[in-house]
Amino acid sequence: MKDYAREENGGLIVMASCSDERFPPENMLDGKDNTFWITTGMFPQEFVLKLESCIRVSKITTLSLNVRKLAVEKCDQDKPDQFEKVFEVELANRGDRLQTEVHQVNIRAKYLKFMILQGHGEFATVNRVSVVGGDDDGAYDDPAGYGSMQRQGSGFGGSAAAGFSGSRPGSTAAGGGGGAAGGGGGGFDDEF
């Protein structure tokens, strides 16, 4: 299935509450597990992802580190000025291991706002974002526009984060070294 968040499929970060030139928000859309956007140490932090067009979204997946509480909102209008909550979730503290969150949803969206409400430490990263769905052909059957959501758990503290051995920012992941964040073993594609 097509990942509409990827840059080559029209995904674009149109707003981020913080930015470090070494770890820009665009890193979340490059398809690599070892690049990331990093928060500046205060919460909440957020970013807005613009999709190429308004689509039916069936799955939202994030790969992150040190995120404690994550909320996602959606907007299906041309201007991203009114958002509706899709889900809010608390993620288990995985230490140096990456967190993978997979959420089955049934929504229409042109924009998705991701909010890191709390972290497990001073800094958190988002390594990848994936949005899977299909073109909006008018067959969407949720007249209220609120959609539905189902979280896929893995039995690891409520997070679907099995199989990752990534590192914290500033260690081997930031330097392109080993572990899942550095490109070895595990990885985001395991969830598809």
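First, a word on scope: everything that follows refers to the structure included in this document. (Residues numbered from 1 in each chain as written. Predicted model: local features only at pLDDT ≥ 70, side-chain atom pairs only at ≥ 80, totals over all residues. Heavy atoms only, no water.)

1. Section: the packing of aromatic side chains
The tally for this structure, following the rule as stated, stands at 3 aromatic pairs. Centroid distance Phe-23 to Phe-36: 4.7 Å. Interplanar angle 15 degrees. Geometry classified as stacked. With Phe-23 in the loop between β1 (12–16) and β2 (37–38) and Phe-36 in the loop between β1 and β2, this residue pair connects regions lying 13 residues apart in the sequence. Classification of Phe-23 by relative accessible area gives buried; the value is 15%. Aromatic side chains Trp-37 and Phe-47 sit 5.3 Å apart centroid to centroid with 75 degrees between the ring planes, which places their arrangement in the edge-to-face category. You can see Trp-37 sitting in strand β2 and its partner Phe-47 sitting in strand β3 (residues 45–65), a full 10 residues away along the chain. Residues Trp-37 and Phe-47 agree in their burial class; the two are buried. Cluster of aromatic residues (ring-pair linked, three or more members): Trp-37, Phe-47 and Phe-114. The ring of Phe-83 carries Lys-113 above its face, with NZ or CZ at 4.5 Å from the centroid. (Phe/Tyr/Trp six-rings, centres within 6.5 Å; stacked < 30°, edge-to-face > 60°. Helix = DSSP H or I, 4+ residues; strand = E, 2+ residues; numbered from the N terminus. Buried < 20%, exposed > 50% of the residue type's maximum accessible area, 1.4 Å probe, protein only. Lys NZ or Arg CZ within 6 Å of the ring centre and 35° of its normal.)

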